[in-house]
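Each chain is listed here by its residues.
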Amino acid sequence: MTAAIWQLSDSELLADAAAVSHKIQLLEARRIALVGEIDTRVSREKLGFPGPAGWLTSTTLLSPSTANKIVALGRGMKNFPDIADAVNTGVMTIDHAALILTFAETPPKNLPQAGQDIARKAMITAATGPQARTGRIREAITKLEDSFGGNKPPPEDTDRNELFASKTLNGRLVLKGDFDAITGEKLLTALSPLTEPRPAADGTEDDRSPARRRADAFGHILDQYLASSNRPIEGGERPHLNLHITLRDLTDLRDSADADDITDDENTRTADESDDDNHPSTDRGAYRDLFGDGTTVGWLPWMGPLSRNTSRQLACDCVLTAIVMDEHGSPINLARTARTVTAKQRKALTARDHGCAFPGCGKPASWTEAHHIWHWADGGPTDMNNLVLLCGFHHRLMHHSDWEVFIATDGHPWFVPPATVDPYRQPRPSHARAGPHIA
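Numbers given to residues run from 1 along each chain, matching the order in which its sequence is written. In keeping with the predicted nature of the model, local features appear solely for residues at pLDDT of at least 70, side-chain atom pairs appear and are counted solely at 80 or more, and the whole-chain, interface and lining totals rest on all residues. The basis for every side-chain value is the complete set of heavy atoms in the structure, and neither hydrogens nor water enter the calculation.

A. Molecular detail of a nonpolar patch on the surface. A surface patch of nonpolar side chains, amounting to about 610 Å² of accessible area, comprises L163, L173, L175, F179, L187, F218 and L222. Elements with a minimum of two residues in the nonpolar patch: β2 (173–178) and α10 (210–227). Runs of H or I in DSSP of at least four residues are treated as helices and runs of E of at least two as strands, each being numbered from the N terminus. Looking at the secondary structure, you find L187 in helix α9 (residues 181–191). Excluding any residue in a salt bridge, patches collect residues exceeding 30% relative accessible area, merging like charges within 9 Å and nonpolar Val, Leu, Ile, Met, Phe, Trp and Tyr side chains within 5 Å. Per-residue and other accessible areas were derived by the Shrake-Rupley procedure at a 1.4 Å probe size, with only the shown protein chains allowed to occlude residues. We define a salt bridge as a side-chain nitrogen of Lys or Arg found within 4 Å of a carboxyl oxygen belonging to Asp or Glu.

B. Looking closely at the confidence of the model for the protein. Confidence of the predictor at the level of single residues is captured by pLDDT, which takes values from 0 to 100. In this model, the protein carries a mean pLDDT of 80, and residues with pLDDT of at least 70 account for 75%. Every residue pair with non-hydrogen atoms within 4.5 Å of one another is taken to be in contact. A low-confidence stretch, residues 257–295 (pLDDT under 50), is modelled with 30 contacts involving residues beyond four sequence positions or located in other chains.

C. Geometry of the pattern of salt bridges. For the structure on display, the rule yields 13 salt bridges. Put simply, D95 and K69 hold a salt bridge, and the shortest N to O gap is 2.3 Å. Here K69 lies in helix α4 (residues 64–76) and D95 lies in helix α6 (residues 94–105), a separation of 26 residues in the sequence. For every residue, the accessible area (1.4 Å probe, protein chains only) is compared with the maximum for its type, and the residue is labelled buried under 20%, exposed over 50%, or partly exposed between those bounds. Using a relative accessible area of 51% as the deciding quantity, one classes D95 as exposed. In this structure, R433 engages D410 in a salt bridge whose closest nitrogen and oxygen atoms are separated by 3.7 Å. A residue pair is termed long-range when its members are at least 10 positions apart, and R433 in the segment after β9 (428–429) and D410 in the loop between β7 (404–407) and β8 (413–416) qualify at 23 residues. Among the charged side chains, a salt-bridge network with shared partners connects D206, R208, R212 and D216.

Right under this line is the structure:
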């Protein structure tokens, strides 16, 4: 019988923690091997996704970036057994393996094969054991890149350009970029006139930090681009900012005079939800929309929920497209005469499905297509209750597999997996509707 943690001696605590850490590394290696086998053996129809990464994200607690990393390791280590051996025996971490694998798959252009093998072996040795440090491996890779990286010096090599855009847990966006000198010059030239300190009308100095001024300038550049007429078409229309908001909330926001009104309203609501003893109310009705659309009045297709104040700011200066929704939050039918959806129907579908509706997918609405549940060629109408947004992969999956989709009485899509995926064929809610609900 395993003793409780508080019962362990100091030496037992240390030994147990080290042993568990080693087991975790071995389990991580096992997961990579399993996913690698899934990648080669299990069909896309059975997965319900283009590859194991989407399936992992939808069925486990893993984030998309972690799932993609596992799949990449599973694929890559099949070609480099020496890296796989170090991971499978638990002597090298997954992070070090990913770093060395990236080097092995994309070595410096002029480094001969013999040199690649020697360098990889040396890096594996440097990454083995508790004394391994990432800095030493990165230093070796940098030296090899400098010596064998090709004719173009790093500042002029556009192949090294990267731009990462990651949503944070608190709803912000973090950017990380690595650009060649010319692209960098373009960016800095565009930012320069917009980043100068600008005193207020009364002469008060601009107290924004340089980083804040650059961020504001970048937002201004995006405003100018989205306001131009030379934008490419995506999802049937030019890219622009979309805010989804209920008519009730829009009316409340536009009728509000200032931020104090909202603060007062929130304070009043909080007081109403408390009992006479100043304890929070336990009325379940007050929390029934906790995971739905009832707690925020705004929703952005890419970034998600938006606060009342910012929603009001956008609503005061926008082109309004009215989409009538029923009591379940599903748009009422708008048109049925044409095979392709109208621009207004497209907006209504985005308001209902938010993106690809396939369970676990949720790709942005601008990357989706409108799928006829009852095929148009078979007489199906272009009505809202016969349409669902699907990304390209899941659109093809619905046409060429035994997956089924229907609009339920709640006005939202539900998906039925084939018997090869679920022998009981239990319907699954659309991606935007999945999650916890408080009755």
